[in-house]
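Below are the chains, spelled out letter by letter.
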Amino acid sequence: QKEVEQNSGPLSVPEGAIASLNCTYSDRGSQSFFWYRQYSGKSPELIMFIYSNGDKEDGRFTAQLNKASQYVSLLIRDSQPSDSATYLCAGGDSNYQLIWGAGTKLIIKP
Amino acid sequence: DAGVTQSPTHLIKTRGQHVTLRCSPISGHKSVSWYQQVLGQGPQFIFQYYEKEERGRGNFPDRFSARQFPNYSSELNVNALLLGDSALYLCASSLASWANYGYTFGSGTRLTVV
């Protein structure tokens, strides 16, 4: 059973601080990983994807991948109230599908 | 440019009925995937189509079927609806069949079965 696991939260972070979201996966065949943001009642929105070990930065967001530890993370710097949402981690496998975690609810407190 | 469009946005059906959900991908995208998302959970993969061929199928019963048309739009059909089919149904399009490009999701169809 291929799984992606995330802490459901909620994770509460003060405005301006760094929010750290984590995800582990069971399928060593997964090669690409995605972070999506989902506001309540809305569809998921792609934030970042990563497929190489190490860090990938895009603005305030940094994705980190460690394939040996089967671990993916997303850091959000200078957190804003508008970052409050559920963050979904997903792994892409060779069977043309994404395996999703249940999401971590992030709350940024002003 | 139009994004991924889904219709209808909301739907209420009775147990045992049939439903058809529609999706138009982003222009130029040849891959369409369908996902079911129950409240509080991540999306669950139902189908993927690429160039009108089924490329992947998730762990859903045969009551669920789909197809992709020559213009790359897609339909998801669900027969003999159950209360447990109530969910947000998401359509996602991408440039290629494999997941390494990421998906763009439509706004979804909220299906309620009563």
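Before reading further, recall that the structure is shown in the block above.
Here we summarise the structure given alongside this text. (Residues numbered from 1 in each chain as written. Chains lettered and ligands numbered in written order. Predicted model: local features only at pLDDT ≥ 70, side-chain atom pairs only at ≥ 80, totals over all residues. Heavy atoms only, no water.)

### Quick word on the overall build of chain A
Next up, step 1: Looking only at helices and strands, chain A features 0 helices and 11 strands.
Next up, step 2: Across chain A, helices and strands are ordered from the amino to the carboxyl terminus as β-β-β-β-β-β-β-β-β-β-β.
Next up, step 3: In terms of overall size, chain A behaves like a compact globule, its C-alpha atoms giving a radius of gyration of 13 Å where 110 residues would be expected to give roughly 13 Å.
Next up, step 4: C-alpha atoms of chain A, sized along the principal axes, occupy 40 × 30 × 20 Å.
Next up, step 5: Taking all 110 residues of chain A together, 45% fall into the buried category.
Next up, step 6: Sequence-distant contacts in chain A: of pairs separated by 6 or more residues, those separated by 24 or more amount to 53%.
Next up, step 7: For chain A, the exposed surface amounts to about 5300 Å²; the carbon and sulfur share of it is 47%.
Next up, step 8: Side-chain charges in chain A split into 10 positive and 11 negative, and the spacing between the mean points of these groups amounts to 2 Å. (Helix = DSSP H or I, 4+ residues; strand = E, 2+ residues; numbered from the N terminus. Rg over C-alpha atoms; globule rule 2.2 N^0.38 Å. Buried < 20%, exposed > 50% of the residue type's maximum accessible area, 1.4 Å probe, protein only. Contact = heavy atoms within 4.5 Å. Areas by Shrake-Rupley, 256 points an atom, 1.4 Å probe, with all protein chains shown as cover. Lys, Arg positive; Asp, Glu negative; His and termini not counted. Charge placed at Lys NZ, Arg CZ, Asp CG, Glu CD.)

### A few points about the packing of aromatic side chains
Two measures describe an aromatic ring pair: the distance that separates the ring centres and the angle between the ring planes.
Next up, step 1: Using the criterion set out here, one finds 12 aromatic pairs over all chains in the structure.
Next up, step 2: Considering the side-chain rings of A:Trp100 and B:Tyr35, the 6.0 Å spacing of their centres and the 80 degrees angle between planes classify their relative orientation as edge-to-face. Here A:Trp100 is found in strand E10 (residues 98-100), whereas its partner B:Tyr35 is found in strand E4 (residues 31-37) on a different chain.
Next up, step 3: Owing to a relative accessible area of 0%, B:Tyr35 belongs among the buried residues under this scheme.
Next up, step 4: Through successive ring pairs, a cluster of aromatic residues spans A:Tyr36, A:Trp100, B:Tyr35, B:Phe45, B:Tyr103 and B:Phe105.
Next up, step 5: Seen from the ring of A:Phe49, A:Lys56 lies directly overhead, with NZ or CZ sitting 3.8 Å from the centre. (Phe/Tyr/Trp six-rings, centres within 6.5 Å; stacked < 30°, edge-to-face > 60°. Lys NZ or Arg CZ within 6 Å of the ring centre and 35° of its normal.)

### With respect to the nonpolar core
Next up, step 1: Formed by 23 residues in total, the largest nonpolar core has its most connected members in A:Trp35, A:Val72, A:Leu74, A:Ile76, A:Tyr87 and A:Leu106.
Next up, step 2: When residues of this core are traced back to their parent elements, those giving at least two are strand E3 (19-25), strand E4 (32-38), strand E5 (45-50), strand E7 (61-66), strand E8 (71-76), strand E9 (85-92) and strand E11 (104-109) of chain A.
Next up, step 3: With 4 residues, the top contributor of residues to this core is E3(A).
Next up, step 4: Once you skip the residues sitting within four places of it in the chain, A:Leu106 turns out to touch A:Leu11, A:Val13, A:Ala19, A:Ile76, A:Asp83, A:Ser84, A:Ala85 and A:Tyr87.
Next up, step 5: B:Val19, B:Cys23, B:Phe47 and B:Val78 belong to the second largest nonpolar core, which has 22 residues in total. (Core = buried A, V, L, I, M, F, W, Y, C linked by side-chain atoms within 4.5 Å.)

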